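Commentary on secondary and tertiary structure
In case you want the letters, here they are:
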Amino acid sequence: MKINWGTGIVLAFIGFISFIMFFVVRMNTSDKYDHDLVTEDYYKAELEYQTDINKEKNAKDLASNISWKRTDEGLVISFPKDLNVENIEGKVFLYRPSNKQVDFESSISLSDHNLLIPDNRLLDGRWNIKVDWQYNGKSYLYKKEIVY
C-alpha cells in the first residue's frame, strides 16, 4: 500500500491531535495535578484589595511590626511590645498553597505579646501567614510566606 502526501498529512494531524488529547485527559483525571484556587470568592477578595493595602501601610507605620519564629512547641507569632495586649484582636489565617484541606483560621487571644500555633497543626513546607488585626480601632495586616 502506497501512502501519498495527502494521507501522510492527515495521519500526522490525527497523531498530533491524539497526542494532545492524551495529555488533556491525563491532566484532568489525575489527582497528582489537582490544584485548588487560592480563594473560592476570588472576585470578592479582589474588591477588598485596596482595604488590605491600607492595612499593610498602617502596619508598616508602626515602630515595630509582627515577627515570627519556629520553636519546638510550634510557630510563635510576636506582636509589638509597645502595644497593650488587651486591645489587640483579630484573626490569623494560615494558607497552604499545595493543600487546602490543612488551611485554618484562628482567633487572636493573647496573654503576653506572643501567639503560639501548635506544631501538630502545621506540616513541613510552605505556608502563607495572614494576620488581620485591630488595635484601638485601627486595622493592620501582616502577610508573610514562610517555609516551616
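A few points on the structure. Residue indices follow the written sequence of each chain, beginning from 1 at its first position. Reporting in this predicted model follows two pLDDT cut-offs: at least 70 for local features of residues, and 80 or more for side-chain atom pairs to be given and counted; totals over whole chains, interfaces and linings ignore these cut-offs and use all residues. The side-chain quantities take in all heavy atoms of the structure and omit both hydrogens and water.

**Description of the nonpolar core**
Basically, it comes down to this: Residues enter a nonpolar core if they are buried and are Ala, Val, Leu, Ile, Met, Phe, Trp, Tyr or Cys, with the set joined through side-chain atoms within 4.5 Å. Buried means the residue's accessible area, taken with a 1.4 Å probe over protein chains only, is under 20% of the maximum for its type, while exposed means over 50%, and partly exposed covers the values in between. For helices the rule is a DSSP run of H or I covering at least 4 residues; for strands it is a run of E covering at least 2, with both sets numbered from the N terminus onward. In this description, contact between two residues means that some pair of their heavy atoms is separated by no more than 4.5 Å.
Counting residues in hydrophobic clusters, the biggest one holds 26 residues, and the most contacted among them are Ile-77, Phe-79, Leu-94, Ile-108, Val-131 and Trp-133. Sorting the residues of this core by element identifies strand 2 (74-78), strand 3 (88-95), strand 5 (114-118), strand 6 (126-135) and strand 7 (138-147) as the ones contributing at least two each. At five residues, the largest contribution of residues to this core is made by strand 6. When residues no more than four places from it in sequence are discounted, the contact partners of Phe-79 are Ile-66, Ile-88, Ile-108, Leu-110, His-113, Leu-115, Val-131 and Trp-133.

**A closer look at the sheet that holds strand 5**
Whether parallel or antiparallel, the strands of a sheet pair through hydrogen bonds between backbone atoms. Applicable threshold: Only strands that DSSP links by at least two bridges are regarded as paired with each other. Fitted lines through C-alpha atoms give the axes, limited to the stretch in contact for helices. The angle between two N-to-C directions lies from 0 to 180 degrees.
Across the sheet, three strands lie side by side as 1-2-5; this open sheet has antiparallel pairing. This sheet does not close on itself; its edge strands, each paired only once, are strand 1 (67-70) and strand 5. Averaged over all neighbouring strand pairs, the angle between strand axes comes to 20°, with direction disregarded. Note that strand 1 and strand 2 share four bridges and pair antiparallel. Paired with Ser-67 across the strands is Ser-78, a residue of strand 2.

**Comments concerning helix 3 (residues 49-60)**
Filter applied, for reference: One less than the residue count of a helix, multiplied by 1.5 Å, gives the span that helix is expected to have. An arc is given here, and it is the one of the directions from the helix axis to the C-beta atoms.
The end-to-end C-alpha distance of helix 3 is 17 Å, a good match for the 16 Å that twelve residues give at a rise of 1.5 Å each. For helix 3, the set of buried residues is Asp-52, Lys-55, Asn-58 and Ala-59. Across the axial projection of helix 3, the buried residues extend over an arc of 115°, all falling on one side. Those residues of helix 3 that are exposed and angled more than 90 degrees off the buried face are Lys-57 and Lys-60. Contact partners of the buried residues in helix 3: strand 6 and strand 7.

**Describing the pattern of salt bridges**
Pairing between side chains becomes possible if they bear opposite charge and their charged atoms approach one another. Spelled out, the test is: One speaks of a salt bridge when a side-chain nitrogen belonging to Lys or Arg is within 4 Å of a carboxyl oxygen belonging to Asp or Glu.
For the structure shown, the criterion picks out six salt bridges. Between Lys-130 and Asp-52 there is a salt bridge, with its nearest N and O atoms 3.9 Å apart. In this pair, Lys-130 sits in strand 6 while Asp-52 sits in helix 3, placing the two residues 78 residues apart along the sequence. Among the residues examined, Lys-130 registers a relative accessible area of 27% and is labelled partly exposed. A salt bridge links Asp-61 to Lys-57, with the shortest nitrogen-to-oxygen separation between them at 3.5 Å. We note that Asp-61, like Lys-57, is exposed.

**Observations concerning the sheet that holds strand 7**
The sheet built from four strands is open, its strands ordered 4-3-6-7 with antiparallel pairing. For this open sheet the edge positions go to strand 4 (104-107) and strand 7, each flanked by a neighbour on one side alone. This sheet shows a mean twist of 15° between the axes of neighbouring strands, independent of strand direction. One ladder, built from eight bridges, connects strand 3 with strand 6; its direction is antiparallel.

**Focus: a nonpolar patch on the surface**
Cut-off, in case you're wondering: Like-charged residues are merged into a patch within 9 Å and nonpolar side chains (Val, Leu, Ile, Met, Phe, Trp, Tyr) within 5 Å, provided each residue has over 30% relative accessible area and no salt bridge. Here the open area of atoms and residues is found with the Shrake-Rupley method and a 1.4 Å probe, where only the protein chains shown may cover a residue.
Taken together, Trp-5, Ile-9, Phe-13, Phe-16, Ile-17, Phe-19, Ile-20, Met-21, Phe-22, Phe-23, Val-24 and Val-25 make up a surface patch of nonpolar side chains, about 1300 Å² in accessible area. Secondary-structure assignment places Phe-19 in helix 1 (residues 5-29).

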